[in-house]
Amino acid sequence: MVEPKRASAGAASRRPRTKINADLAKGEDKSNRHWRAEFLAALAETSNVSAAAATAGVHPTRPYKVRRLEPEFAREWRGALLEGYENLEMEMLQRLRFGEAKDGDVKFDNANALRLLGLHRETVARERAMREDEDIGAVRASIQAKLAQLREQVTARRAAEEEPGHDRG
C-alpha cells in the first residue's frame, strides 16, 4: 500500500486561494463598483495595494481578484502604478537634490521609497513601453495624413501645370 505524501511544514500554514465566481464578478452591479475609482486613485497616490484597499473600503484580495478577471481593470491598475511610480521618482529626486527637513513635520522613508521603486520597476517599464507604442502609432498616423495631404498638393499642381494655356515660365 502506498502512503500519501505529506505536505511540507510551510504548506500547512498557507491558506488556500479564494476563488471568485466569474459570473458574480461579471455581474457586479454599479453599487458594488464604487470602490474601484477610489482604489485606483489611492493606488496612484500611495503605490500600496493594502493602503489603497483600506482607503476604498474593500478587502485587499478583492482588487487582485478583479484584476485577474478583468483586463480593463488590470490596465487601469498598471496605469495607476505608473503614475504612483512617477510621483515617487519625482519626490525622491526632489529630496536628493534639495535635501529634506530633519526637524520639521515632513519626514520621508527613503529606504521604503527605494524598495517600492524596485518592486514596481518591471510593471512600470512595461506600461511605459505600451504607452510609447500608442504614441508611436499616433505619430505614424499623423505622418501618413501629412504625406497624403502633400501628395494631393503635388497632384493638383501637376494637373494645373498640364492644363492648356498654363504659362510654364
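Higher on the page you've got the structure.
Residues numbered from 1 in each chain as written. Predicted model: local features only at pLDDT ≥ 70, side-chain atom pairs only at ≥ 80, totals over all residues. Heavy atoms only, no water.

## Structural notes on the pattern of salt bridges
Right, on to step 1. Evaluated as defined, the whole model comprises seven salt bridges.
Right, on to step 2. Glutamate 70 serves as the salt-bridge partner of arginine 36, at 2.7 Å between the closest nitrogen and oxygen. Taken together, the residues span a long stretch of sequence, with arginine 36 in helix α3 (residues 34–46) and glutamate 70 in the loop between α5 (61–69) and α6 (71–98) at a distance of 34 residues.
Right, on to step 3. Of the charged contacts in the structure, one is a salt bridge between arginine 128 and glutamate 86, with a shortest N-O distance of 3.7 Å. With arginine 128 in helix α8 (residues 121–162) and glutamate 86 in helix α6, this pair connects stretches of sequence that are 42 residues apart. (Salt bridge = Lys/Arg side-chain N within 4 Å of Asp/Glu carboxyl O. Helix = DSSP H or I, 4+ residues; strand = E, 2+ residues; numbered from the N terminus.)

## Concerning the packing of α3 against helix α4 (residues 49–56)
Right, on to step 1. Contact geometry of α3 with α4 gives a least axis separation of 8 Å together with a crossing angle of 140°. Classified by chirality, the crossing of α4 by α3 is right-handed. Contacts from Trp35, Glu38, Phe39, Ala42, Leu43 and Thr46 in α3 reach Val49, Ala51, Ala52, Ala53, Thr55 and Ala56 in α4.
Right, on to step 2. Taken together, the residues that form the contact of α3 with α4 break down as nine nonpolar, two polar and one charged. (Axes fitted to C-alpha atoms, helices over the stretch in contact; angles between N-to-C directions. Left-handed = near helix turned anticlockwise from the far one by under 90°. Contact = heavy atoms within 4.5 Å. Nonpolar A, V, L, I, M, F, W, Y, C, P; charged D, E, K, R; others polar.)

## Quick word on unusual backbone geometry
Right, on to step 1. Although it is not a glycine, serine 47 adopts a positive phi angle of roughly 60°.
Right, on to step 2. Mapped onto the elements, serine 47 comes out in the loop between α3 and α4.
Right, on to step 3. Accessibility expressed as a relative area gives 6% for serine 47, which makes it buried. (Buried < 20%, exposed > 50% of the residue type's maximum accessible area, 1.4 Å probe, protein only.)

## So, the environment of valine 124
Right, on to step 1. With respect to the helices and strands, valine 124 occurs in helix α8.
Right, on to step 2. Between the C-alpha atoms of valine 124 and tyrosine 85, which are 39 residues apart in sequence, the distance is 7.2 Å.
Right, on to step 3. Setting aside residues no more than four positions away along its own chain, valine 124 makes contact with Leu81, Leu82 and Tyr85.

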